[in-house]
Protein chains: 2
Amino acid sequence: MCKSPLISQSIKQKIDDAKLITLVTHIRPDGDAVGSVIGFAETLRGNGKEVHIAFEETLPVRFRFLKEKEEKKQSAQKGIILTVDCADQGRLPKAFAEQHIDINIDHHATNTNFGELNYVNPKAAATAEIITDLLMEWEMPISPTAANALLMGIITDTIGFRTPNTTPHTLNTAAALIEKGASLTDMYQRSLSDMTWEASLLWGFALNKLQKEGKIIYTVITCEDRKKSGFTGRDDADLTNFLSSIQEAEISILFNQQNENLVKVSWRSRSNVNVANLASQFGGGGHPAAAGAEIKLSLQETQQKVLAVTKSYLLQYENQE
Amino acid sequence: MCKSPLISQSIKQKIDDAKLITLVTHIRPDGDAVGSVIGFAETLRGNGKEVHIAFEETLPVRFRFLKEKEEKKQSAQKGIILTVDCADQGRLPKAFAEQHIDINIDHHATNTNFGELNYVNPKAAATAEIITDLLMEWEMPISPTAANALLMGIITDTIGFRTPNTTPHTLNTAAALIEKGASLTDMYQRSLSDMTWEASLLWGFALNKLQKEGKIIYTVITCEDRKKSGFTGRDDADLTNFLSSIQEAEISILFNQQNENLVKVSWRSRSNVNVANLASQFGGGGHPAAAGAEIKLSLQETQQKVLAVTKSYLLQYENQE
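Not measured: the values here are computed from a predicted model.

### Observations regarding the relation of the copies chain A and chain B
- Expressed as a screw operation, the relation of chain A to chain B combines 0.0 Å of axial shift with a rotation of 180 degrees, fitting to an RMSD of 0.1 Å. Such values leave the two copies arranged in the relation of a two-fold axis.

And the structure:
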C-alpha cells in the first residue's frame, strides 16, 4: 500500500505544475472507473486545468446520463498521464500500455504500482472514494455533476453499500457528496436498480426454469432465451446475484449457454463451501464465494457434469463437517 | 413537528425517573418498528433500566435473527409507556389504544402527537435514525446487538438508502452504528436482499407472463401461481418494485389475484403520471408514484377494465403535455 499525506501532496504538486492532464482508466470501464474519471476531470477543469479523458472508445452508453459525450480533442500541450481504478498497466487502453504513467490512483490490493507516483488504498471501497478524499484534502470545490459521478462510482462498486468492504468512511464520504449536490436516489436508480425490458424478459425465461436439488439451486439461460428476449448484453443480466440471494441456496449455479458447444457456468456460495475449487476442476477460477468457468460442451452435458461434481463436492464437505 | 433539545432532555429525565419502561410500536411491525424497539430496549437495559417490549403478538419471525424471542414478563412495577414509529394511537396494539402514552417518538409527518411528550422528526428517514440520535445525545453506550437492530431499521425504511428521504445525516448515522459494531452487509442480506425459494418460484411464474403495451408494463400473480410456488406471504414478494425498475415502464401494474372474484391491483409510475388518480377510480388510493386498489371482479375482467382506464388516462396525459 502506497498512501501517505506526503504522496497526496506530491500528486497535488504534479497536477498544479501540469499544463495538460490526461485521465485514463481500464478497458471495459465499470461504474467506479467512469465515475472516478468524470468526477476528477470535472473538478480539475473547475479549478482551471486542461483535462483530456481517454476512454478505451467513448463514454459507455449506460453512463451517458452523467454528462454529454466527451469530445475527442488534440492539444498542443505536452501533459501528464493520470490513471484511476486500474490495477495493472496492461489493462489500460492500448495507446497507454507502454507509456510513462505519472500518477496511478487505485483501490485494488493487486495494483502493481506502475506509476511514477502511486496512491493505492485497498481499504477504500471504490476508487471514487479515494478521489473524493483527495479533492477534499486539496480543498477543491466539487460541483454537483462531479459529486454525482463520484457517488455513482461508490454505489456501483459497493452494489449500493452492500459489499463487505463498505466502511463507515465510505458512508460518510457518500454523505459529503450528497451535501455537495449529488442525488443518491437518482444515481441509485440510474446505475443500479434499473432493468431493461429485454433483461426482464430474460429473467422470466430463466426463473421459470429454476431447479432445486438439495441445497443446490440452479437455472439456465439458453441461446433461445436470449434470442426471444432480445437481450444482447454479454453478461447474465445480474441473474447470478439473484440466485445467490435465495436463502435455501447453499450453492447456486447459473448455466449461461453461449452457443451449441460453449456454456459459461457461474457458481455462488452462501456458506463456507469454496466454489473456486469447483470452478478450477473445469479450468475456471474465482473466489471462495463466487467463481466461474467456460465449458466447451453442450448445455445438457455441461449440466450433467457440473451438477454431478458439485453434488459430490458438497457431500464430501458435509461429511467433513 | 415537535423536536427540540428541551424535549429530548425531558424524555431522558422521564426515562431516568421510571422504574419500568414499556416499549410499544404499531401493529404489523415493519423493520423500522422492530429495529427501533429492539435497539432502544437493548440500550436502556444496558443502562440498568427494566424494559418490557409489547409487540402486537411476538417478535415477527422474519426479524428473529436480531435476537431470541422476547419473554413475556409481568412486573410489579408501574411504569411509563413509550411508543416508537407509530403515527396514530389507533395503530397501537389494542391493549394500548386507550392508555395514557408518556412518550411518543416517531418520524411520520402525520403523527397526531398523542403522547404526553412527543418527539416527532419527519426529516428523519427512519425512527431508528431518531433513536440513534437520542442515544448518542444522551451518551448511552450502544451495543453491537442494539446497533444492528437500529441499522436494520434504517436500511429497511430506506430500502438500502435508496428512497428520496435518505439524507447525509442518515448515512452518517449508519456509519456511526457500524463503528459501534453493526454489520451493514449482514443486515442488508438478512432484511433486504434475501429471497425465499417459494418467492423465487413465484417470480418465475409472474415474470414469464410479462406484458408490454406501449408504455405500460404489467404482469399477473394468479392463485394457481401462489399454490404451485408454495408462496404463502400476503404480499407481492416485492414484484411491484421489480416491475417499476424496468426503464421502459412509464406505468407498471401488478394484478395480484386473491380469489375468483378479488384482485389486488398495484400501479407504479416512473414519470409525472399520477397513478393515485387511477387507483381512486377503482375505490383505492395512494401516492402519485405508487397506488393500489382491491377490485371485486374476475382476473380477466379486472385486467380489461384497468388496462382500458390506464391507457386512456395515459393518452389524455400525453395530449396535455
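### Quick notes on the domain arrangement of chain A
- Domain assignment breaks chain A into domain 1 (5–193) and domain 2 (198–320).
- In this structure, domain 1 of chain A and domain 2 of chain A have C-alpha centres spaced 33 Å apart.

### What to know about the pattern of salt bridges
- A complete count under the given rule lists 16 salt bridges over all chains for this structure.
- One salt bridge in this structure joins D194 of chain A and R270 of chain B, with 3.0 Å as the shortest N-O distance. Here D194 of chain A, found in the loop between α6 (184–193) and α7 (197–207), pairs with R270 of chain B, found in the loop between β9 (262–269) and α10 (275–280), and the two come from separate chains.
- The class for R270 of chain B is partly exposed, based on a relative accessible area of 26%.
- For D225 of chain A, the salt bridge is made with K209 of chain A, and the minimal N-O distance between the two is 2.4 Å. Of the two residues, D225 of chain A is situated in helix α8 (residues 223–229) and K209 of chain A in the loop between α7 and β6 (211–213); the sequence distance between them amounts to 16 residues.

### Observations concerning the packing of aromatic side chains
- Throughout the structure, instances matching the rule amount to 12 aromatic pairs over all chains.
- Three or more aromatic residues joined by ring pairs make a cluster, and in this case those are W203 and F242 of chain A together with W203 and F242 of chain B.
- A cation over an aromatic ring shows up here: K228 of chain A above the ring of F205 of chain A, its NZ or CZ 4.3 Å from the ring centre.

### Some points on the environment of L243 of chain A
All names here are of chain A.
- Tracing the chain through its elements places L243 in helix α9 (residues 239–244).
- For the pair L243 and P122, spaced 121 residues apart in the sequence, the C-alpha separation amounts to 28 Å.
- Each residue touching L243, except ones within four places of it in the same chain, is listed here: L207, L210, T219, A249, S252, I253 and L254.

### Quick notes on the interface of chain A and chain B
- Counting from both sides, the interface comprises 40 residues of chain A and, opposite them, 40 residues of chain B.
- Buried area between chain A and chain B, summed over both chains or domains, comes out near 3,500 Å², and the portion from carbon and sulfur atoms is 64%.
- If you sort the residues of chain A by the area they bury against chain B, R162, L171 and W197 of chain A come out on top, with a joint share of 18%.
- Across the contact surface, chain A and chain B share 2 salt bridges.
- Counting across the interface, chain A meets chain B through 11 residue pairs in polar contact (both at pLDDT 80 or more).
- Counting residues per element, the ones that place at least two in the side of chain A that touches chain B are α5 (168–179), α6, α7 and β6 of chain A.
- Broken down by element, the residue count for the side of chain A that touches chain B peaks at 8 residues, all from α7 of chain A.

### Notes on unusual backbone geometry
- Here the phi dihedral of R28 of chain A falls at roughly 45 degrees; this positive angle occurs in a residue that is not glycine.
- The residue R28 of chain A is located in the loop between β1 (20–25) and α2 (31–46) in this model.

### Let's talk about helix α11 (residues 299–320) of chain A
Residues and elements named next belong to chain A.
- Given a rise of 1.5 Å per residue, 22 residues ought to cover 32 Å, and the 31 Å separating the end C-alpha atoms of α11 matches this to within 8%.
- Regarding α11, the residues found buried are L299, T302, Q303, V306, L307, T310, Y313, L314 and Y317. Seen from one end, α11 has its buried residues packed into an arc of 140 degrees, which puts them on one side. Turned more than 90 degrees away from the buried face of α11, the exposed residues are Q300, Q304, L315 and N319.

### Looking at the packing of helix α3 (residues 127–137) of chain B against helix α5 (residues 168–179) of chain B
Residues and elements named next belong to chain B.
- In contact at an axis separation of 10 Å, α3 and α5 are set at 60 degrees when each is read in the N-to-C sense. Classified by the angle between their axes, α3 and α5 sit oblique to one another. Here the hand of the crossing between α3 and α5 comes out left-handed. On α5, the residues touching E129, T132, D133 and M136 of α3 are H169, T170, T173, A176 and L177.
- Its residues assigned to classes, the contact of α3 with α5 comprises 3 nonpolar, 4 polar and 2 charged.

Here is what the cut-offs are and how they apply
Residues numbered from 1 in each chain as written. Chains lettered and ligands numbered in written order. Predicted model: local features only at pLDDT ≥ 70, side-chain atom pairs only at ≥ 80, totals over all residues. Heavy atoms only, no water. Least-squares fit on C-alpha atoms with pLDDT ≥ 70 in both. Domains from an automatic or database assignment. Salt bridge = Lys/Arg side-chain N within 4 Å of Asp/Glu carboxyl O. Helix = DSSP H or I, 4+ residues; strand = E, 2+ residues; numbered from the N terminus. Buried < 20%, exposed > 50% of the residue type's maximum accessible area, 1.4 Å probe, protein only. Phe/Tyr/Trp six-rings, centres within 6.5 Å; stacked < 30°, edge-to-face > 60°. Lys NZ or Arg CZ within 6 Å of the ring centre and 35° of its normal. Contact = heavy atoms within 4.5 Å. Buried area = accessible area lost by both parts, 1.4 Å probe. Polar contact = N/O pair within 3.5 Å; in protein donor to acceptor, adjacent residues only side chain to side chain. Expected span 1.5 Å × (residues − 1). Arc of directions from axis to C-beta. Axes fitted to C-alpha atoms, helices over the stretch in contact; angles between N-to-C directions. Parallel < 35°, antiparallel > 145°, perpendicular 65-115°, else oblique. Left-handed = near helix turned anticlockwise from the far one by under 90°. Nonpolar A, V, L, I, M, F, W, Y, C, P; charged D, E, K, R; others polar.

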